[in-house]
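Spelled out, the chains give:
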Amino acid sequence: MKTFRGTYTVMITPFTPAGEVDVEALRAFVDWQIEQGIHGLIPLGSTGEFLSLDDDEKVLVAQTVIAQAAGRVPVLIGTGAEDTREVVRLSRRAEKMGADGVMIIPPFYSTPTDEELVQHYRTVGDAIGLPIMVYNNPATANVDLRPALVARIAEIDNCLYIKESTLEVTRVRDIIRLCGERMTVFGGILGFESFVEGAQGWVAVASNVAPAAMARIFELVADEDAIKAARALYLEQLPLIEFVGGQAYVAGTKALLNHMGFSAGAPRPPRLPLPAAQDAAARDLVARFSLGFQSAAQRKAG
């Protein structure tokens, strides 16, 4: 098993003007992310609109990212679903495709009990040999994986990572305290703050548009112990991080990328593109931060 550490982009899924998965754009996006210094990639998360993709499209996205990354960085596939049997199926498929791991949000409608959640993750863990990143996001999953419950889940052999997406940064501290080396914490909403508390990674939305900066924040804290410099960079980048937070995280990220010169396309319904005023704000942020995208072919030609 590979060890996961650093800033991982929870990737958008680019669509063509006709609304289909844009495979060529996705390949170019993978290359650009890696060249910019991102530490890992996670397709088919909520930012990737996994709930708006059919099964064949999920296969297409996962295969494309795994093949294009070609082992240069770890690739974790989002395999969350409401039915434990479906999560097992998706996770086994990801393993056969060559994924390095899977990220699994709890069943997001049935509000399972703690015991049901432990059994859910144990069933999936017994079915695959890949490391599992548990994903705590109470706002979308309707259940909260509190540190004491995470400690129980950490007893499952391959439940080795957690994406902790609450605004309670003390969760990072408490998970580390209760689980020790059995569970490695990645920040979700909070990156810099989680690193300071001992998180070894960040599953980031903002790294879709600024992978180098988001990766650098982690490196400054975790590798160089340069917390003051990391905080300065974090505060500088905060307008971007906040812009892709909240309800418009998909539309906001795609708007930024489109203004950067990357054909991300529009979100799929029920999501809509940003209203004109917010889209203008996205364009202004791209100019303010001098953001831009160039494919490998564009760079070679230039």
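Below is a short write-up of the structure. (Residues numbered from 1 in each chain as written. Predicted model: local features only at pLDDT ≥ 70, side-chain atom pairs only at ≥ 80, totals over all residues. Heavy atoms only, no water.)

A look at the overall build of the protein
Of the regular secondary structure elements, the protein holds 13 helices and 8 strands. Against the compact-globule benchmark of 19 Å for 302 residues, the protein has a radius of gyration of 18 Å, which places it among compact chains. Within the protein, buried positions represent 55% of all 302 residues. Summarising the internal contacts of the protein: among those between residues at least 6 apart in sequence, 71% fall at separations of at least 24. Counting every atom, the protein has about 12,800 Å² of accessible surface; 52% of that belongs to carbon and sulfur. Here the protein carries 28 positive and 36 negative side-chain charges, and the mean point of each set is 2 Å from the other. (Helix = DSSP H or I, 4+ residues; strand = E, 2+ residues; numbered from the N terminus. Rg over C-alpha atoms; globule rule 2.2 N^0.38 Å. Buried < 20%, exposed > 50% of the residue type's maximum accessible area, 1.4 Å probe, protein only. Contact = heavy atoms within 4.5 Å. Areas by Shrake-Rupley, 256 points an atom, 1.4 Å probe, with all protein chains shown as cover. Lys, Arg positive; Asp, Glu negative; His and termini not counted. Charge placed at Lys NZ, Arg CZ, Asp CG, Glu CD.)

Observations concerning the pattern of salt bridges
The final tally for this structure, using the stated rule, is 18 salt bridges. In this structure, the salt-bridge partner of Glu-86 is Arg-89, at a minimum N-O distance of 2.8 Å. With Glu-86 and Arg-89 both in helix α3 (residues 84-97) and 3 residues apart, this pair spans about one turn of that helix. Its relative accessible area of 35% is what places Arg-89 among the partly exposed residues. In this structure, the salt-bridge partner of Asp-144 is Arg-146, at a minimum N-O distance of 3.6 Å. Shared partners join several salt bridges into a network, and the residues in it are Asp-55, Glu-86, Arg-89 and Arg-93. (Salt bridge = Lys/Arg side-chain N within 4 Å of Asp/Glu carboxyl O.)

A closer look at the layout of surface pockets
Taken as a whole, the largest pocket holds about 1,100 Å³ of empty space. Taken together, 48 residues form the lining of the largest pocket, with Ser-46, Asn-137, Thr-140, Gly-246 and Tyr-249 sitting closest to its centre. When residues of the lining of the largest pocket are traced back to their parent elements, those giving at least two are β4 (101-104), α5 (138-141), β8 (201-204), α10 (227-243) and α11 (249-260). Ranked by the residues each element gives to the lining of the largest pocket, the list is headed by α10, at 4 residues. Tallied by class, the residues present in the lining of the largest pocket amount to 28 nonpolar, 15 polar and 5 charged. (1 Å grid on protein atoms, 1.4 Å probe; cavity = no way out; pocket = protein on both sides within 12 Å on 5 of 7 lines; lining within 4 Å. Points joined across faces, edges and corners; volume = space filled by probe spheres on them. Nonpolar A, V, L, I, M, F, W, Y, C, P; charged D, E, K, R; others polar.)

Digging into empty space enclosed by the protein
Counted according to the given criterion, the structure contains 1 cavity of 30 Å³ or more. There is about 90 Å³ of room inside the largest cavity. Around the largest cavity, the lining comprises 13 residues; the ones closest to its centre are Leu-44, Ile-77, Gly-78, Leu-90 and Arg-93. When contributions to the lining of the largest cavity are tallied by element, the ones reaching two or more residues are α2 (55-69), β3 (76-78) and α3. Classifying every residue of the lining of the largest cavity gives 8 nonpolar, 3 polar and 2 charged.

Details of the sheet that holds strand β5 (residues 132-136)
Pairing within the open sheet is parallel, and its 8 strands lie in the order β2-β1-β8-β7-β6-β5-β4-β3. The open sheet is flanked by β2 (40-42) and β3, the only strands paired with a single partner. Across the sheet, the axes of successive neighbouring strands diverge by a mean angle of 25°, strand direction being ignored. Summarising the sheet, strand β1 (residues 6-10) and β2 pair through 3 bridges and their orientation is parallel. If you follow Thr-9 over to β2, its bridge partner there is Leu-41. Contacting β1 and β8, helix α9 (residues 211-223) runs over the sheet at an angle of about 150° to β1. (Pairing = 2+ DSSP bridges. Axes fitted to C-alpha atoms, helices over the stretch in contact; angles between N-to-C directions.)

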